[in-house]
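The residues making up each chain are set out below.
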2 protein chains.
Amino acid sequence: MNESVEGTTLNKDITLRPVGIVRNTIKEPFLVAGADGLSMRGELHDNMKRVHSSQAESSEIVIRNDLAGILDGIEEYSHIIVLYWAHKVQESRRTLTKVHPMGRKDYPIQGIFSTCSPARPNPVLMTVARLKERKGNVLTVTGLDAVDGSPVIDIKPYVGRFYPDEDIRIPDWMQQIQREVAQVKSQVDMI
Amino acid sequence: MNESVEGTTLNKDITLRPVGIVRNTIKEPFLVAGADGLSMRGELHDNMKRVHSSQAESSEIVIRNDLAGILDGIEEYSHIIVLYWAHKVQESRRTLTKVHPMGRKDYPIQGIFSTCSPARPNPVLMTVARLKERKGNVLTVTGLDAVDGSPVIDIKPYVGRFYPDEDIRIPDWMQQIQREVAQVKSQVDMI
C-alpha cells in the first residue's frame, strides 16, 4: 500500500443497497469476462449493430417502493444518468487489471480504467439514457445498455452544460470503435 | 416491495472496495445534509465562486499499488470520469428522499434523484475531470469537486461522442443554478 494512502478510508469496504432494477429484453451481455480477459459473445457486426440499436431499445427502471417521492421532478429532464451494477460479472473477474478493448486482439492491451470493460474492480456501469416516461416508481428510458435484472445504484439528472463539449481527446482504438458503430448505423439507416 | 421486483438481486447488498483516494485542499463539502435536508455552509456567492473555481482546482487521485497497470493507456484521454464516495455524508442521511436543491428554500422541493445532492441512498458521486498528468499510480486532474480523502470507486474514460450534445431539457431551477455559476464566472473573468 502506498504510504500517502495508509490510515485512510481506503481500506474500508463500502456497502450499497440497490435502489431499483432494470427490466428489458437483453438477457446476456455481449462482452464476457474470462480468466484471461474479455471475449465477445457472437459476431462483431451483430454486436456493433446491437450497440447501435441499444440507442432505441426501451428499458424500464423499477424503483423500490419504499423510496416513494425520490423521483419527483425527474420528468423535467430529457436525459438521466443511470448507475447500475454489472451483476453478470463474476466476483473473481474483478481482479483483472488489463484487457484488449472489447476482447479484440487487434486492439492494443489497455489498463481497465482506460476502457469501458464491464469487468473492473467495482463494476459500477454508467449510461446516459433518454427519459421517455415516468409512472409512479417506474421510469421508461431508451439507450440504456444494461442487461435485464441489473441492480440500479443511483439515478442522476443529466445536465449537459456541465460537461466539456469540445477539446476531447481519445485514443485511436476508441475512435475506431466509434467509426465501426457509426458505419453500422449508416448501413441500418439505408435499409 | 413491488411484485415485479421480488425475488431478484434487488435485496442483495453490493460491496465495493475503494480503488484509490482523492488528495486536494478542499477539506469540507459546502453542502451539508442534516435530518431535514440540505443546507449550505457559508455564503451563496462564495459557494458559486467555489463551484466555478473547482474547474481550475487541482487534485491528485492516488490509485492502490496492487492495481498496477490498471491506468495504462489513460494518458491518451483528455478527460476522465471519476466515481467517488461522498464519505462525509452520514449513513443516516442516506434515507433522505426529497430536498430543496442546494439547500435553497427558494427552489422547489425535489426528489433526490432529480438533484445532484450528495446525500442520496448510495452516495456515489461523479465528475468529469480534465486529466493533466499521470505518474505511475497518481493522476493529476482539474475540475474534480470531491473533498480531500474521498474514496475513489472507479475511473472511466470520457468519450464525448457517446453523450447527447443537443436536445437536452432541464428544469428551470437547474437553469437558474447554471446562470448563477456563469454570472460568477463572468465576474471572476473581469477581475
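In this numbering scheme, every chain counts its residues from 1 along its sequence in written order. The lettering of chains begins at A and the numbering of ligands begins at 1, in the order of writing. Owing to the predicted nature of the model, reporting of local features is limited to residues with pLDDT of at least 70; listing and counting of side-chain atom pairs is limited to 80 or more, with chain, interface and lining totals taken over all residues. Each side-chain value is worked out from all heavy atoms of the structure, with water and hydrogens disregarded.

## Details of the confidence of the model for chain A
All names here are of chain A.
Working step 1: When the pLDDT values of chain A are averaged, the result is 84; 82% of them are 70 or greater.
Working step 2: Think of pLDDT as the predictor's per-residue confidence, scored from 0 to 100. In this text, helices come from DSSP runs of H or I with a minimum length of four residues, and strands from runs of E with a minimum of two, each type numbered from the N-terminal end. Per-element confidence in chain A is highest for strand S11 (residues 151–157), whose mean pLDDT is 97, and lowest for helix H1 (residues 44–53), whose mean pLDDT is 66.
Working step 3: In what follows, a contact means two residues having at least one pair of non-hydrogen atoms within 4.5 Å. A low-confidence stretch, residues 1–7 (pLDDT under 50), is modelled with 15 contacts involving residues beyond four sequence positions or located in other chains.
Working step 4: As a predicted assembly, this complex carries a pTM of 0.87 together with an ipTM value of 0.86.

## Looking at the nonpolar core
Working step 1: Here, the term nonpolar core denotes a set of buried Ala, Val, Leu, Ile, Met, Phe, Trp, Tyr and Cys residues that are joined through side-chain atoms within 4.5 Å. Buried residues are those whose accessible area, probed at 1.4 Å on protein chains only, stays under 20% of the maximum for their type, while exposed residues exceed 50% and partly exposed ones sit between those limits. In terms of nonpolar packing, the biggest core is built from 81 residues, with Ile61 and Ile155 of chain A together with Ile61 and Ile155 of chain B touching the most fellow members.
Working step 2: Setting aside chain neighbours within four positions, we find Ile155 of chain A in contact with Ile61, Ile63, Ile74, Ile80, Ile81, Val82 and Leu139 of chain A together with Phe113 and Arg120 of chain B.
Working step 3: Of all hydrophobic cores here, the second largest spans 20 residues; its members include Ile14 and Val124 of chain A together with Trp85 and Met126 of chain B.

## Observations concerning the side chain of Asp148 of chain B
Working step 1: Take Asp148 of chain B: it is sitting in the loop between strand S10 (138–142) and strand S11 (151–157).
Working step 2: Apart from the residues lying within four places of it in its own chain, the contact partners of Asp148 of chain B are Val22, Arg23, Asn24, Ile26, Lys27 and His87 of chain B.

## A short note on the sheet that holds strand S9 (residues 124–135) of chain A
Strand pairing in a sheet takes place through backbone hydrogen bonds and is either antiparallel or parallel in direction.
Residue and element names in this part refer to chain A.
Working step 1: Pairs of strands are assigned from DSSP output, requiring at least two bridges between the strands. Pairing is antiparallel around the closed barrel formed by 6 strands, whose spatial order is S2-S5-S10-S9-S6-S11. Put simply, the sheet's adjacent strands are angled 45° from each other on average, direction ignored.
Working step 2: Bridge count between S9 and strand S10 (residues 138–142): 5 bridges; the pairing is antiparallel. Within S10, the position partnered with Glu133 by the bridge is Thr140. Here an angle of 0 to 180 degrees is reported between the N-to-C directions of two axes, which are lines fitted to C-alpha atoms, with helices fitted over the stretch in contact.

## A closer look at the relation of the copies chain A and chain B
One copy of the chain maps onto the second through a rotation around an axis plus a translation along that axis.
Working step 1: With an axial shift of 0.0 Å and an RMSD of 0.0 Å, the rotation relating chain A to chain B amounts to 180°. Such a combination of rotation and displacement between the chain copies is what one expects of a two-fold axis. Taking C-alpha positions as the reference, the residue of chain A nearest the rotation axis is Thr15 of chain A, at 2.4 Å.
Working step 2: Most of the interface of chain A is mirrored in chain B: 100% of its interface residues are interface residues there too. Superposing the copies works by least squares over the C-alpha atoms of residues that have pLDDT at least 70 in both of them.

## Quick notes on the sheet that holds S10 of chain B
All names here are of chain B.
Working step 1: Pairing is antiparallel in the closed barrel, where 6 strands are placed in the order S2-S5-S10-S9-S6-S11. The sheet shows a mean angle of 45° between the axes of neighbouring strands, direction not considered.
Working step 2: When strand S2 (residues 20–23) meets strand S5 (residues 58–63), the two strands line up antiparallel, connected through 4 bridges. When the bridges of S5 are listed, Val22 appears paired with Ile61.

## Brief notes about the pairing of S2 of chain B
Working step 1: Bridging between S2 of chain B and S11 of chain B involves 2 bridges; their strand directions are antiparallel. Within S11 of chain B, the position partnered with Gly20 of chain B by the bridge is Val152 of chain B.

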